[in-house]
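The chain contents come next:
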2 protein chains.
Amino acid sequence: MEFINNPREIEEGSFAIITEELGDRTFPEEIAPIVKRIIHSTADFEYADLLEFLNGGYECGMAALKQGKKIYADTRMIQVGVNKKALADHQIEIVNYSHDADVAEEAKKRGVTRSTVAIEKAIKDDSVGIFAIGNAPTALYTLIEKVKAGEAKPDLIIGAAIGFVGAAQSKKALDQIDSPIIRINGRKGGSPVVAAILNAMLYQLGREW
Amino acid sequence: MEFINNPREIEEGSFAIITEELGDRTFPEEIAPIVKRIIHSTADFEYADLLEFLNGGYECGMAALKQGKKIYADTRMIQVGVNKKALADHQIEIVNYSHDADVAEEAKKRGVTRSTVAIEKAIKDDSVGIFAIGNAPTALYTLIEKVKAGEAKPDLIIGAAIGFVGAAQSKKALDQIDSPIIRINGRKGGSPVVAAILNAMLYQLGREW
C-alpha cells in the first residue's frame, strides 16, 4: 500500500485542504492559524463559526505565554495534548489538579465536581495566568464567580466546555465578566479544541522543530 | 449563580437529552451506550451515522476486555481519557509508545511517523489485544499491512483516525482485512471518540462507582 508517511508533509497537506475548503472565509492573520488548527484537530468546519475572542483574549493570552505564565487545564487530555516541545521551549508549565487525591476527597465531601475544587486550587496559585476549560461547565462557573468576587484575575480564559448540561450556558455566562476570553459558543468544544488553540498560539511564539 | 454541580446528575441529564434528540433513531441495546457516549464526548450527533461495526467488532472487543487483554492507544490523549477506575477494576492496561525515545529516534532515521514505529512495537507484544487508533492514518495503514502479512491478529481494531490526509482512506482500507473492527467513517474521529468507545464498553463489564 502506498501512503504518505512523512509527518511534516501530512500536516502541511492537511492545512492546505482546510484553507481550500474554508474558501471565501478569511480570518485576521493571527486568528487564521487558530481556526485552522481547531479544524485540523476535529475535522469539523463548524468551529470556524463557533470561535470567538472577547476583551483582548488573543493579545492578552499571547502576552501571558510570552511571560511564561502557567496554564491550568481542567483535563489531563488537554495537558497531554499541548505540544511538550513548545511548552519546554518557552518554559511554560501546564497543570491539572482534577485527579489529585485531596481534590477528589473534598469534592466528595462537598457533593460538587472535582473540576470545581480543582479550579479553586488553581486560582490560589498566582503563577497561573491561563485557565483552559475543555470539559467542565462547573469549572467555568466557579471561575466566573471568583472573578466577580475579585478573587481571580486571569490573563486568559479559554472557555470550551463541552456537553449538554450547562456547557453552552457556562460559556454564555462569560459575558458577565471583563476577563480576556477565547471561547467556543454552543455545546461543542472539548480537550482537543483547547489543545489546538494553545498549540496554535504557542507556535506563533516560534517553532523551530 | 445557580448551576448543577453534582457529577452523576450532569451525566444522567446529558444522556437523557441525547436520547431525546436522537428521537426515532434507535440502536441495538449494546450499541446504544456506545453511540450515546461518543455524542456525549463530542456534542456531535453526526457520529450516530459514522459509527460502524465489522466482523464482530463489538463481541470480540468485549471478549478481549473480559480476558484483560492490553489496549494499545496511538495517542496519550486516549490513554488518559479512558477511565482509570474501570481499567483497574478489570485489570486492563492501556499503553502508548509514540513518545518513547527509541521510537522517536527510529522514526526520524526512517523518515516515517512515530505512530508507525510505535504500532510496530505494539504488534510485537502478544499481550496487546485491542488496537485503538484515534489519530494517525499511518498507524492504521501499518497495522493493516501487518494483519495482511499474518504478523498481527488483533482481537479488535478501533479505527477512528482523524484528519484530512489519509484518515478516511485508512479507515476505508480496513475493508481489506477480516479483523474485528469498530470504525468511524469519513474524516472525523479522534482521541475523545476512541476513549468514549472504550469507556462505554468497559462500563458494560460493570460499573460499581
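Residues numbered from 1 in each chain as written. Chains lettered and ligands numbered in written order. Predicted model: local features only at pLDDT ≥ 70, side-chain atom pairs only at ≥ 80, totals over all residues. Heavy atoms only, no water.

So, the overall build of chain A
Across its full length, chain A carries 11 helices and 6 strands. The C-alpha radius of gyration of chain A comes to 17 Å, within 12% of the 17 Å expected for a compact globule of 209 residues. Referenced to the eigenvectors of the C-alpha coordinate spread, the extents of chain A come out at roughly 55 × 35 × 30 Å. In chain A, which comprises 209 residues, the proportion classed as buried is 56%. Relative to all contacts within chain A whose residues are 6 or more apart in sequence, the contacts with residues 24 or more apart total 65%. Accessible surface, chain A as shown: approximately 8900 Å² in total, 47% of it carbon and sulfur. (Helix = DSSP H or I, 4+ residues; strand = E, 2+ residues; numbered from the N terminus. Rg over C-alpha atoms; globule rule 2.2 N^0.38 Å. Buried < 20%, exposed > 50% of the residue type's maximum accessible area, 1.4 Å probe, protein only. Contact = heavy atoms within 4.5 Å. Areas by Shrake-Rupley, 256 points an atom, 1.4 Å probe, with all protein chains shown as cover.)

Remarks on the pairing of strand E6 (residues 181-184) of chain B
All names here are of chain B. Side chains of E6 alternate between two faces, with Ile181 and Arg183 and Ile182 and Ile184 buried alike. Direction of pairing for strand E1 (residues 51-54) relative to E6: antiparallel, over a ladder of 4 bridges. When the bridges of E6 are listed, Leu51 appears paired with Ile184. Alignment of strand E5 (residues 156-159) against E6, held across 3 bridges, turns out to be parallel. Opposite Ile158, over in E6, you have Ile182 as the bridge partner. Of the crossover connections in this fold, the one passing from E5 over helix H10 (residues 167-172) to the parallel E6 is right-handed. (Pairing = 2+ DSSP bridges. Right-handed = clockwise from strand over helix to strand, strands pointing away.)

Quick word on the relation of the copies chain A and chain B
Here chain A sits on chain B after a turn of 180 degrees about the axis and a move of 0.0 Å along it, with an RMSD of 0.0 Å. The operation mapping one copy onto its partner corresponds to a two-fold rotation axis. Considering only C-alpha atoms, the part of chain A nearest the rotation axis is Met77 of chain A, at 2.4 Å. Of the residues that chain A buries at the interface, 100% are likewise interface residues in chain B, meaning the two copies contact each other through the same surface. (Least-squares fit on C-alpha atoms with pLDDT ≥ 70 in both.)

Quick look at the interface of chain A and chain B
Listed by partner, the interface residues are 44 residues for chain A and 44 residues for chain B. The junction of chain A with chain B conceals about 3600 Å² of combined surface from both sides, 71% of it contributed by carbon and sulfur atoms. Remark: the boundary between chain A and chain B carries 4 salt bridges. The partner of Arg187 of chain A in a salt bridge is Glu21 of chain B, and the shortest N-O contact between them spans 2.5 Å. Contributions of two or more residues to the side of chain A that touches chain B are made by helix H1 (7-22), helix H2 (32-42), helix H5 (76-81), helix H9 (137-148) and helix H11 (191-204) of chain A. Tallying contributions element by element places H1 of chain A first for the side of chain A that touches chain B, with 7 residues. Residues of the side of chain A that touches chain B, tallied by class, amount to 21 nonpolar, 15 polar and 8 charged. (Buried area = accessible area lost by both parts, 1.4 Å probe. Salt bridge = Lys/Arg side-chain N within 4 Å of Asp/Glu carboxyl O. Nonpolar A, V, L, I, M, F, W, Y, C, P; charged D, E, K, R; others polar.)

Comments concerning the packing of aromatic side chains
Counted under the stated rule, the structure contains 4 aromatic pairs over all chains. Between the aromatic rings of Phe45 of chain A and Phe164 of chain B, the centroid separation amounts to 5.8 Å while the plane-to-plane angle is 80 degrees, which identifies the pairing as edge-to-face. Of this pair, Phe45 of chain A sits in the loop between H2 and helix H3 (47-50) while Phe164 of chain B sits in the loop between E5 and H10, each in a different chain. Above the face of the Tyr97 of chain A ring, Lys121 of chain A is positioned so that its terminal group lies 5.0 Å from the ring centre. (Phe/Tyr/Trp six-rings, centres within 6.5 Å; stacked < 30°, edge-to-face > 60°. Lys NZ or Arg CZ within 6 Å of the ring centre and 35° of its normal.)

Some details on the packing of helix H8 (residues 114-123) of chain B against helix H9 (residues 137-148) of chain B
Residues and elements named next belong to chain B. The geometry of H8 relative to H9 is characterised by a closest axis approach of 8 Å and an angle of 40 degrees between their N-to-C directions. Our classification of the angle between H8 and H9 gives oblique. Considering only the axes of H8 and H9, their crossing is right-handed. Residues Ser115, Thr116, Ile119, Glu120 and Ile123 of H8 form the contact with H9, whose participating residues are Thr138, Ala139, Thr142, Leu143 and Lys146. Across the contact of H8 with H9, the residue classes break down as 4 nonpolar, 4 polar and 2 charged. (Axes fitted to C-alpha atoms, helices over the stretch in contact; angles between N-to-C directions. Parallel < 35°, antiparallel > 145°, perpendicular 65-115°, else oblique. Left-handed = near helix turned anticlockwise from the far one by under 90°.)

Topic: the UniProt feature "domain: Cobalamin biosynthesis precorrin-8X methylmutase CobH/CbiC" (unreviewed entry) in chain A
Under the present numbering, the feature "domain: Cobalamin biosynthesis precorrin-8X methylmutase CobH/CbiC" (unreviewed entry) in UniProt falls on residues 9-203 of chain A. This span, residues 9-203 of chain A, is 52% helix and 12% strand, and a straight line between its end C-alpha atoms measures 17 Å. (UniProt positions renumbered as here; feature names shortened; annotations may be inferred.)

A word on the sheet that holds E1 of chain B
The mixed open sheet is built from 6 strands, whose spatial order is E1-E6-E5-E4-E2-E3 (chain B). In the strand order of this sheet, the two ends are held by E1 and strand E3 (94-95) of chain B, each with one partner.

Details of the packing of H2 of chain A against H11 of chain A
Residues and elements named next belong to chain A. Interaxial distance between H2 and H11 falls to 8 Å at its minimum, and their mutual angle equals 140 degrees. Classed by the angle they form, the pair H2 and H11 counts as oblique. The way H2 lies across H11 gives a crossing that is right-handed. Along the contact surface, H2 presents Pro33, Ile34, Arg37, Ile38, Ser41 and Thr42, while H11 presents Pro192, Val193, Ala196, Ile197, Asn199, Ala200, Met201, Tyr203 and Gln204. When its residues are assigned to classes, the contact of H2 with H11 shows 10 nonpolar, 4 polar and 1 charged.

Regarding the side chain of Thr113 of chain B
All names here are of chain B. Along the polypeptide, Thr113 turns up in the loop between helix H7 (101-110) and H8. With a relative accessible area of 7%, Thr113 lands in the buried category. At 2.8 Å, the side chain of Thr113 and the side chain of Thr138 are in polar contact. (Polar contact = N/O pair within 3.5 Å; in protein donor to acceptor, adjacent residues only side chain to side chain.)

Thoughts on the pairing of strand E2 (residues 70-73) of chain A
Residue and element names in this part refer to chain A. Side chains Lys70 and Tyr72 project from E2 onto one buried face, and the interleaved Ile71 and Ala73 project onto a second face that is buried too. Judged from the 4 bridges that link them, E2 and strand E4 (residues 128-133) form a sheet pairing that is parallel. The partner of Ile71 across the bridge, within E4, is Ile130. For E2 and strand E3 (residues 94-95), the ladder comprises 2 bridges, and the chain directions are parallel. Within E3, the position partnered with Ile71 by the bridge is Ile94.

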